[in-house]
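# Overview (structure and organization)
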Amino acid sequence: MKQELHKQLRQLREERNISLEQLAHKATIGASKLEAYEAGSETPSVQTLLKLSNALEVPASNLLDGLQNE
């Protein structure tokens, strides 16, 4: 079973030892927005998911699959 997007985002970031602020900077999004995505209180747009997948160096489909489970 695929993970929910917010759990997957946090797990990928932690596996790469990247701080929330570092990932937000790398993906050119606000740290507070990223925090909301990881908490599951907000859902990122597809464009933002593409930025996050590039910053985390994972295929965008990995994150899109997580989005479909929510």
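All chains use their own residue numbering, which begins from 1 and follows the written sequence. Reporting in this predicted model follows two pLDDT cut-offs: at least 70 for local features of residues, and 80 or more for side-chain atom pairs to be given and counted; totals over whole chains, interfaces and linings ignore these cut-offs and use all residues. Side-chain calculation: all heavy atoms of the structure are included, whereas hydrogens and water are not.

### Things to note about the pattern of salt bridges
When a carboxyl oxygen of Asp or Glu is within 4 Å of a side-chain nitrogen of Lys or Arg, the pair counts as a salt bridge. For the coordinates displayed, the defined rule picks out five salt bridges. As a salt-bridge pair, Glu38 and Arg10 come within 3.3 Å of each other at their nearest N and O atoms. Here Glu38, found in helix α3 (residues 31-39), pairs with Arg10, found in helix α1 (residues 5-15); they are 28 residues apart in sequence, far enough to count as distant. Close ionic contact of Lys26 with Glu57 constitutes a salt bridge, the shortest N to O distance being 3.9 Å. You can see Lys26 sitting in helix α2 (residues 20-26) and its partner Glu57 sitting in the loop between α4 (46-56) and α5 (60-68), a full 31 residues away along the chain. Assessed through its relative accessible area of 46%, Lys26 is described here as partly exposed. On the accessibility criterion, Glu57 (64% relative accessible area) is exposed. It is possible to trace a salt-bridge network through shared partners that takes in Arg10, Arg13 and Glu38. Starting at the N terminus, helices and strands are each numbered in turn, a helix being any DSSP run of H or I of at least four residues and a strand any DSSP run of E of at least two. When accessible area is computed with a 1.4 Å probe and restricted to protein chains, residues below 20% of their type maximum are described as buried, those above 50% as exposed, and intermediate ones as partly exposed.

### Some words on α3
Of the positions making up α3, those classed as buried are Leu34, Ala36, Tyr37 and Glu38. Contact between two residues is taken to exist if any of their heavy atoms lie within 4.5 Å; hydrogens are not considered. Looking at the buried side of α3, the elements it contacts are α1, α2 and α4. With its phi angle positive at about 85°, Gly40 sits one or two positions after the end of α3.

### So, the nonpolar core
To form a nonpolar core, buried Ala, Val, Leu, Ile, Met, Phe, Trp, Tyr and Cys residues must be joined to one another through side-chain atoms within 4.5 Å. Counting 17 residues, the largest nonpolar core has Leu9, Leu23, Ile29, Leu34, Leu52 and Leu63 as the members making the most contacts within it. Secondary-structure elements contributing two or more residues to this core are α1, α2, α3 and α4. Element by element, the count of residues in this core is highest for α4, at four residues. The contacts of Leu34, once residues within four sequence positions are left out, are Leu20, Leu23, Ala24, Ile29 and Leu52.

Shape descriptors only; they carry no functional weight alone.
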